[in-house]
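Analysis of the macromolecular model
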Amino acid sequence: MTEDLALQVRKQVETSEGSGEFRPVIAEEKWKPSETAVIICDMWNEHWCKGATRRVAEMAPRMNQFVGVAREKGALIVHAPSGTIDHYKDHPARKRAQNAPKAADLPEGIAGGCGWIDEKEEKAGLPVDASDGGCDCEPQCKHPPYPWTQQIDTIDIRDEDAITDSGVEAWNLFAERGIRNVILVGVHTNMCVVGRPFGLRNMARFGKNVVLVRDLTDTMYNPRKAPFVSHFTGTDLIVEHIEKYICPTIASTALLGGTPFHLPNDARPRVVFVISEDEYRAAETLPRLARDLELECGLACEALHGNPKDGNDVPGMEALADADLAVLFLRRRALPADQLRRIRDYLNRGKPLVALRTTSHGFDVGGRAPEGREEWRNFDSEALGGHYGGHHDGSLVAQVSLATGAGDHPILKGFPAGGIKSGGSLYRSNPLTPTAQALLMGTVEGHPSEPALWTNAYQTSRVVYTSLGHPKDFENEAFRALLIRAFFWAMDRPAPGESADAKSAGP
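Figured I'd write up the structure that's included with this text.

Cut-off values and rules
- Residues numbered from 1 in each chain as written.
- Predicted model: local features only at pLDDT ≥ 70, side-chain atom pairs only at ≥ 80, totals over all residues.
- Heavy atoms only, no water.
- Helix = DSSP H or I, 4+ residues; strand = E, 2+ residues; numbered from the N terminus.
- Rg over C-alpha atoms; globule rule 2.2 N^0.38 Å.
- Buried < 20%, exposed > 50% of the residue type's maximum accessible area, 1.4 Å probe, protein only.
- Areas by Shrake-Rupley, 256 points an atom, 1.4 Å probe, with all protein chains shown as cover.
- Lys, Arg positive; Asp, Glu negative; His and termini not counted.
- Charge placed at Lys NZ, Arg CZ, Asp CG, Glu CD.
- Axes fitted to C-alpha atoms, helices over the stretch in contact; angles between N-to-C directions.
- Left-handed = near helix turned anticlockwise from the far one by under 90°.
- Contact = heavy atoms within 4.5 Å.
- Nonpolar A, V, L, I, M, F, W, Y, C, P; charged D, E, K, R; others polar.
- 1 Å grid on protein atoms, 1.4 Å probe; cavity = no way out; pocket = protein on both sides within 12 Å on 5 of 7 lines; lining within 4 Å.
- Points joined across faces, edges and corners; volume = space filled by probe spheres on them.
- Core = buried A, V, L, I, M, F, W, Y, C linked by side-chain atoms within 4.5 Å.
- Expected span 1.5 Å × (residues − 1).
- Bend = angle between axes of the 7 residues up to and from the residue.
- Pairing = 2+ DSSP bridges.
- Right-handed = clockwise from strand over helix to strand, strands pointing away.
- Phe/Tyr/Trp six-rings, centres within 6.5 Å; stacked < 30°, edge-to-face > 60°.
- Parallel < 35°, antiparallel > 145°, perpendicular 65-115°, else oblique.
- Salt bridge = Lys/Arg side-chain N within 4 Å of Asp/Glu carboxyl O.

**A look at the overall build of the protein**
Of regular secondary structure, the protein possesses 13 helices and 19 strands. Computed over C-alpha atoms, the radius of gyration of the protein comes to 25 Å, within 12% of the 23 Å expected from 2.2 N^0.38 for 507 residues, which places it in the range of a compact globule. Each of the three principal axes of the protein carries a C-alpha extent, and together these read 85 × 55 × 40 Å. Going through the 507 residues of the protein one by one, you find that 56% of them count as buried. Of the accessible surface of the protein, which amounts to about 21,000 Å², a share of 47% is contributed by carbon and sulfur atoms. Positive and negative side-chain charges in the protein, numbering 57 and 69 respectively, have mean positions lying 0 Å apart.

Okay, here's the thing in structure tokens:
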């Protein structure tokens, strides 16, 4: 019996109706290969935009590997290089698409493209402006002419595949073979991939289980147009839009393992947020911060959230494999062994970490971990350098000020001389381990001061921990700026506004 395709599908779910706030949710699905098709959209041999041509060539080898595995497992491969189908008129794969009998359930409208899936998507609009055609070359390439003549040769076409750019032919094929599931790869995400007759919108609105492979696609977007972000961030914004309004996505690792594919010129530092707690609305505050980091600081951010049905499960932890920074906000979670191992492995590779508030007891469930789950009870002292001992009464407002001798640390640059007020209760964190350095101290009336932010060296990893992180803290611009500087210090990179040769003090 052929093994099912095991997919982690990711979609964006609105936190409450009309809130405009979304959080990613990852679910496990199993698809029968015999009921699955992979459509390769417009991977032409040449494009009018030289940058687009280059990125297609860079992506094609990984795509060919993905398609090859899908084919071996029993999925139908559909090559759809629009406008070049006559090149394949005598190919058995072309005749297969032409000869499929008319489907009894052929949808009205499948012959044409689809501008918007519904009014909700249309109202939201696409998040990038491609009104200039989206070429990011300088100077911009001119079109027409349209130079494509076939699909890029890097992607194998087998006799058992199908070739079509027709929504009708694709649907007939799917009906003939009992195909319920569709995986789309190719270009361009904000144009052909969503809008072609065989594209995401049509597949979704006519009832197929459809996903986009988010790391095997590209976008026509020029960073000189709104929202004035990198080309690669523009693609991420389109993927997020698709996950909100059209269909879920998967990564090519679903079939190939390893780490997701990144285009060679995508040099953005990658930040993975791991969020699973129920008290401080981290699922809202950190994704907002992540969006700012993407749009304003040029980082590539991914947020992983605890399973809504089981907060002790955080799907997608394999993203840590190629992360440049991990940001943790968890509270008393016993994770599956593989997930906790990924966090340990990440730190053991010397990678940087920033942890907030309840993460001091993020992996401590008091020795009551369910079967198959694991704790890291000394994570606070071992990795963070702290000693969590509860917190003061929330009615006591903490004043957070510079620690003695810490004022020149890069993380503190621009921090208000008079300090800030904490939005939540002050944690008892003394004593710090010898490897830790306190940068901020918190004080409440009638009690000794407690460290509120410090750095630590865990093996060779740079670590920053702060007991701050209450929702009110994120309303304070000084705290947000402090946190962003902590991110860049942990990665040993100059913070926004600093020169590239700026020196970063060690822990």
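Having seen the structure, we can now continue with the description.
**Some points on the packing of helix H7 (residues 231–245) against helix H9 (residues 282–297)**
Look at H7 against H9: their axes get within 10 Å of each other, and the N-to-C directions meet at 145°. Considering how the two elements wind past one another, H7 and H9 form a crossing that is left-handed. For the pair H7 and H9, contact is made by Thr233, Leu237, Glu240 and Lys244 and by Arg291, Glu294 and Leu295, respectively. Taken together, the residues of the contact of H7 with H9 break down into two nonpolar, one polar and four charged.

**Quick notes on unusual backbone geometry**
Here the residue pair glutamate 138 and proline 139 is connected by a cis peptide bond, since its omega of 0° sits within 30 degrees of zero. Tracing the chain through its elements places proline 139 in the loop between helix H3 (119–124) and strand S5 (162–163). At the junction of asparagine 430 and proline 431, the peptide bond is cis and its omega measures out at -5° in the coordinates. Here proline 431 lies in the loop between strand S16 (420–421) and strand S17 (437–443). Located in the positive-phi region is aspartate 42, a residue other than glycine, with phi close to 55°. Within the secondary structure, aspartate 42 is located in the loop between strand S3 (36–41) and helix H1 (50–73). What makes aspartate 42 buried here is its relative accessible area of 1%.

**A look at empty space enclosed by the protein**
Per the stated rule, a full pass over the model turns up one cavity of 30 Å³ or more. In this structure, the largest cavity encloses a volume near 60 Å³. Surrounding the largest cavity, Pro24, Val25, Ile26, Ala303, Leu304, His305, Gly306, Asn307, Pro308 and Pro315 form its lining. Elements represented by at least two residues in the lining of the largest cavity include exactly strand S2 (22–31) and strand S10 (300–305).

**Regarding the nonpolar core**
By size, the foremost hydrophobic cluster in this structure holds 73 residues, and its most contacted members are Phe273, Val354, Phe363, Phe379 and Phe487. Per-element tally for this core: the top contributor is helix H13 (residues 477–490), with ten residues. For valine 354, the contacting residues outside a window of four places in its chain are Leu325, Ala326, Val327, Leu328, Val464, Leu483, Ala486, Phe487 and Ala490. Of all hydrophobic cores here, the second largest spans 38 residues; its members include Cys41, Ile117, Val194 and Ile238.

**Digging into H1**
The terminal C-alpha atoms of H1, which comprises 24 residues, lie 35 Å apart, in line with the 34 Å expected from a rise of 1.5 Å per residue. Considering bend angle alone, the principal kink of H1 is centred on alanine 60 and spans about 40°; proline proline 61 follows within four residues of it.

**Regarding the environment of methionine 63**
Its place among the elements puts methionine 63 in helix H1. A relative accessible area of 0% places methionine 63 in the buried class. Residues methionine 63 and valine 213 lie 150 residues apart in sequence; the distance between their C-alpha atoms is 9.8 Å. Setting aside residues no more than four positions away along its own chain, methionine 63 makes contact with Ile40, Met43, Ile155, Val185, Gly186 and Leu216.

**Here we look at the pairing of S3**
By the criterion of burial, S3 is predominantly enclosed, with six of the six residues buried. By the bridge criterion, six bridges tie S3 to strand S6 (residues 181–187) in an arrangement that is parallel. Counterpart to isoleucine 40 in the pairing with S6 is valine 185. Looking at chain direction, S3 and strand S4 (residues 76–80) are connected through five bridges and run parallel. Looking at the pairing, isoleucine 40 lines up with histidine 79 of S4. The parallel pair S3 and S4, bridged by H1, forms a crossover whose chirality is right-handed.

**Quick notes on the packing of aromatic side chains**
Applying the stated criterion across every chain, the model contains eleven aromatic pairs. Pairing tryptophan 171 with phenylalanine 206 gives two aromatic rings, centres 6.3 Å apart and planes at 85°, and the pair type is edge-to-face. Of this pair, tryptophan 171 sits in helix H4 (residues 167–177) while phenylalanine 206 sits in the loop between helix H6 (200–205) and strand S7 (209–218), placing them 35 residues apart in sequence. Through successive ring pairs, a cluster of aromatic residues spans Phe363, Trp376, Phe379 and Tyr458.

**Things to note about the layout of surface pockets**
Considered as a void within the structure, the second largest pocket measures approximately 210 Å³ in volume. Taken together, 15 residues form the lining of the second largest pocket, with Arg23, Glu277, Asp278, Gly306 and Arg333 sitting closest to its centre. Ranked by the residues each element gives to the lining of the second largest pocket, the list is headed by H9, at three residues. Its residues assigned to classes, the lining of the second largest pocket comprises four nonpolar, five polar and six charged.

**Some words on the packing of H9 against H13**
Between H9 and H13, the least distance of the axes is 12 Å, while the angle of their chain directions is 70°. Taken as axis vectors, H9 and H13 run roughly perpendicular relative to one another. Crossing geometry of H9 relative to H13 is assigned as right-handed. Residue-level inspection shows Leu289, Asp292, Leu293 and Cys297 of H9 in contact with H13, the latter providing Arg480, Leu483, Ile484, Phe487 and Phe488. Tallied by class, residues from the contact of H9 with H13 come to seven nonpolar, no polar and two charged.

**Focus: the pattern of salt bridges**
Following the criterion strictly, the structure yields 33 salt bridges and no others. In this structure, aspartate 136 and arginine 55 form a salt bridge, with 3.2 Å as the shortest nitrogen-oxygen distance. Taken together, the positions of aspartate 136 in the loop between H3 and S5 and arginine 55 in helix H1 put the pair 81 residues apart, joining distant regions of the chain. A relative accessible area of 2% means that arginine 55 is categorised as buried. Between aspartate 218 and arginine 55 there is a salt bridge; the shortest N-O distance is 2.7 Å. Here arginine 55 lies in helix H1 and aspartate 218 lies in strand S7, a separation of 163 residues in the sequence. Across the pair, exposure class does not vary: aspartate 218 and arginine 55 are buried alike.

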